[in-house]
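# Coordinate analysis (summary)
Here is what each chain is made of, one letter per residue.
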Amino acid sequence: GSLDRLMDQQKTQTLTSVKGEGVVKAINITSSQITLKHEPIPELKWPSMVMAFKVAKNVKLNGFKVGDKLVFTLEKSKDEQWFISKIDLSKPKP
C-alpha cells in the first residue's frame, strides 16, 4: 500500500531524527548540555554509552535531575551534530 511505500522512502532518506532512552548523568543548564548514559541507538549504529548532548533552545533542563530515566529525540543540525530536540521522563514499563 501507499503507507509501505512512504515507510520505504523514509528509510532511504538520510536520517535526521531518532528516538532514544537513557539515564541522566549530568546537567549543565548554563551551556544547555545534558550528559546521558543512553541505550543502544541502532539507527545510528551507536552502542550504549555516556555522551554529552546539546539541547535545543526550547528544551528546559531544570525539570530533570541526575538519575532520571528519559526518552529523547535526537535531531541532526546543519553542521551534522546530533542534539536533543525533545526530552521527557520515561514512563515506567508496566
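### Side note on the overall build of the chain
Each helix and strand counted, the chain has one helix and five strands in total. Looking at the 94 residues of the chain, the share that counts as buried comes to 27%. Put simply, of all contacts in the chain between residues at least 6 apart along the chain, 48% involve residues at least 24 apart. A total of about 6,800 Å² of accessible surface is found on the chain, and carbon and sulfur atoms cover 55% of it.

### What about the side chain of Thr73?
Among the structural elements, Thr73 can be located in strand S4 (residues 69-76). Overall, Thr73 belongs to the buried group, its relative accessible area being 9%. Side chain to side chain, Thr73 and Lys19 meet in a polar contact 3.3 Å long. In contact with Thr73, not counting residues within four places along its chain, are Ser17, Val18, Lys19, Phe83, Ile84, Ser85 and Lys86.

### Comments concerning the sheet that holds strand S3 (residues 49-55)
Read around the closed barrel, five strands run S1-S2-S3-S5-S4, paired in mixed fashion. Each strand of the sheet is rotated relative to its neighbour by a mean of 55°, with strand direction disregarded. Direction of pairing for strand S1 (residues 17-28) relative to strand S2 (residues 33-38): antiparallel, over a ladder of six bridges. When the bridges of S2 are listed, Gly22 appears paired with His38.

### Some remarks on the environment of Asp68
Take Asp68: it is sitting in the loop between S3 and S4. Not counting the four nearest positions on each side in its chain, Asp68 is found in contact with Gly22, Val23, Val24, Gly63 and Leu89.

### Section: the pairing of strand S5 (residues 82-89)
Relative to S5, S3 runs parallel, the two being bridged by two bridges. Following the sheet pairing, Lys54 is matched in S5 by Phe83. Across seven bridges, the pairing between S4 and S5 is antiparallel. In the sheet register, Phe72 faces S5, and the bridge partner there is Ile87.

### Some details on the pattern of salt bridges
For the structure on display, the rule yields three salt bridges. Lys65 is the partner of Asp68 in a salt bridge, and the nearest nitrogen-oxygen pair spans 2.9 Å. Take Asp68: its relative accessible area is 9%, and that puts it in the buried class. Put simply, Glu80 and Lys76 hold a salt bridge, and the shortest N to O gap is 3.3 Å. Of the residues examined, Glu80 reaches a relative accessible area of 51% and is grouped as exposed. Classification of Lys76 as partly exposed rests on a relative accessible area of 25%.

Rules used throughout
- Residues numbered from 1 in each chain as written.
- Predicted model: local features only at pLDDT ≥ 70, side-chain atom pairs only at ≥ 80, totals over all residues.
- Heavy atoms only, no water.
- Helix = DSSP H or I, 4+ residues; strand = E, 2+ residues; numbered from the N terminus.
- Buried < 20%, exposed > 50% of the residue type's maximum accessible area, 1.4 Å probe, protein only.
- Contact = heavy atoms within 4.5 Å.
- Areas by Shrake-Rupley, 256 points an atom, 1.4 Å probe, with all protein chains shown as cover.
- Polar contact = N/O pair within 3.5 Å; in protein donor to acceptor, adjacent residues only side chain to side chain.
- Pairing = 2+ DSSP bridges.
- Axes fitted to C-alpha atoms, helices over the stretch in contact; angles between N-to-C directions.
- Salt bridge = Lys/Arg side-chain N within 4 Å of Asp/Glu carboxyl O.

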